[in-house]
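# Residue-level structural notes
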Amino acid sequence: MRSPAIALVLFIILTGNAGAAGNDNHWQVKWYTVDKDTYAFGELVGEENWTAGSFHRDWEYGMVYNMTKNYIGFIATTEIYSRGKTYEFRLYDVDDFAVVYIDGEEIFSSENQEYFQVFIPEGVHNLTIKWQEYCCEARIGFSADDSLFVEKQTGDFVTLYALIAAALIIAGIAILFAARIIAKK
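Rules behind the numbers
- Residues numbered from 1 in each chain as written.
- Predicted model: local features only at pLDDT ≥ 70, side-chain atom pairs only at ≥ 80, totals over all residues.
- Heavy atoms only, no water.
- Helix = DSSP H or I, 4+ residues; strand = E, 2+ residues; numbered from the N terminus.
- Buried < 20%, exposed > 50% of the residue type's maximum accessible area, 1.4 Å probe, protein only.
- Pairing = 2+ DSSP bridges.
- Axes fitted to C-alpha atoms, helices over the stretch in contact; angles between N-to-C directions.
- Polar contact = N/O pair within 3.5 Å; in protein donor to acceptor, adjacent residues only side chain to side chain.

## Considering unusual backbone geometry
Of note, the bond from aspartate 95 into aspartate 96 is cis; its omega dihedral lies within 30 degrees of zero at 20 degrees. Inspection of the secondary structure puts aspartate 96 in the loop between strand S5 (85-95) and strand S6 (97-102). For glutamate 60, which is not glycine, the phi torsion reads 50 degrees and is therefore positive. Note on placement: glutamate 60 falls in strand S3 (residues 55-60). Of note, the phi angle at asparagine 66 is positive, near 55 degrees, even though the residue is not glycine. Its place among the elements puts asparagine 66 in the loop between S3 and strand S4 (72-82). Given the relative accessible area of 48%, asparagine 66 is considered partly exposed.

## What about the sheet that holds S5?
Here we have four strands laid out as an open sheet, ordered S3-S10-S5-S8, and antiparallel in their pairing. Two strands lie at the open edges of the sheet, namely S3 and strand S8 (115-120), each paired on one side alone. Taking the axes of each pair of neighbouring strands and ignoring which way they run, one obtains an average angle of 15 degrees across the sheet. Both S3 and strand S10 (residues 138-144) contribute to a ladder of five bridges, which runs antiparallel. Bridged to glutamate 60 within S10 is alanine 138.

## Re the sheet that holds strand S2 (residues 41-51)
Pairing in this open sheet of six strands is antiparallel, and the strands run S2-S1-S4-S9-S6-S7 from one edge to the other. Looking at which strands have only one partner, the edges of the open sheet turn out to be S2 and strand S7 (105-109). Neighbouring strand axes in the sheet, compared pairwise and without regard to direction, differ in orientation by 25 degrees on average. Where strand S1 (residues 26-34) and S2 come together, eight bridges link them in antiparallel fashion. Along S2, the bridge assignment pairs valine 34 with phenylalanine 41.

## Let's talk about the side chain of asparagine 25
Its place among the elements puts asparagine 25 in the loop between helix H1 (2-22) and S1. Within polar-contact distance, the side chain of asparagine 25 engages the side chain of threonine 78 at 3.0 Å. A distance of 3.3 Å separates a polar side-chain atom of asparagine 25 from the backbone oxygen of phenylalanine 149.

## So, the pairing of S6
Counted residue by residue, S6 has five buried out of six residues, so it is predominantly covered. Across six bridges, the pairing between S6 and strand S9 (residues 123-133) is antiparallel. Paired with alanine 98 across the two strands is tryptophan 131, which belongs to S9. When S6 meets S7, the two strands line up antiparallel, connected through four bridges. Its bridge partner being in S7, isoleucine 102 is matched across the sheet by glutamate 105. Connecting S6 to the next strand, S7, in antiparallel fashion are two residues, including aspartate 103 with a positive phi near 50 degrees.

Below, the structure is given as C-alpha cells:
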C-alpha cells in the first residue's frame, strides 16, 4: 500500500513544480532616487514585482513611489524568450525619460523615438527599462510583442518531463494493482 501513496506524492510534487517552473516571469522593479543635478540614479528606496509584459503607469501629479513624487525612477528587468525574429518595441507617454536595453545594450530611448524594431536571436534574453521622473507629471508606457513574455522555453521541457514522469508513475500503480489482483486469485 505504500507504493501507491509514494507514487501519488511524487506525482503531486512533479506536476506542481512543473507548473511553477515556467510561470515565474515578472518585471523586477527597483526604485531609486534621482540626483537633481546629474540625473544619475541614487539610493535604492524599494523593490516590487509587476506582471511581465506591456504596461502603462500614470501617476499624474501624485506620489510615484515611497511618498516621493519628483526625482524618482526605476530600473525594471525581466527575461524574454525570442523565437529568432524582429520585434517592435514602443515607449510612449513618457514623462520624463526612459531607455530600453536588451542584454545590457541600449536599443532606444524616449528621447530618440517612440518605436523601434530589433532582431533578437533565438533564446532567453534580459530586457531592462530605466525610467526617471524629474518634476511634476509622471508617467510611462511600454509595449512589445506579448509572445516575448510567455512561459520560458525551458518551462515547456520541464512540464513535458513532469507529464511523462506522472504517466509512468500512474502506469506503475496500475501494474502493481493488477499484479496484486492476479496474485490473490
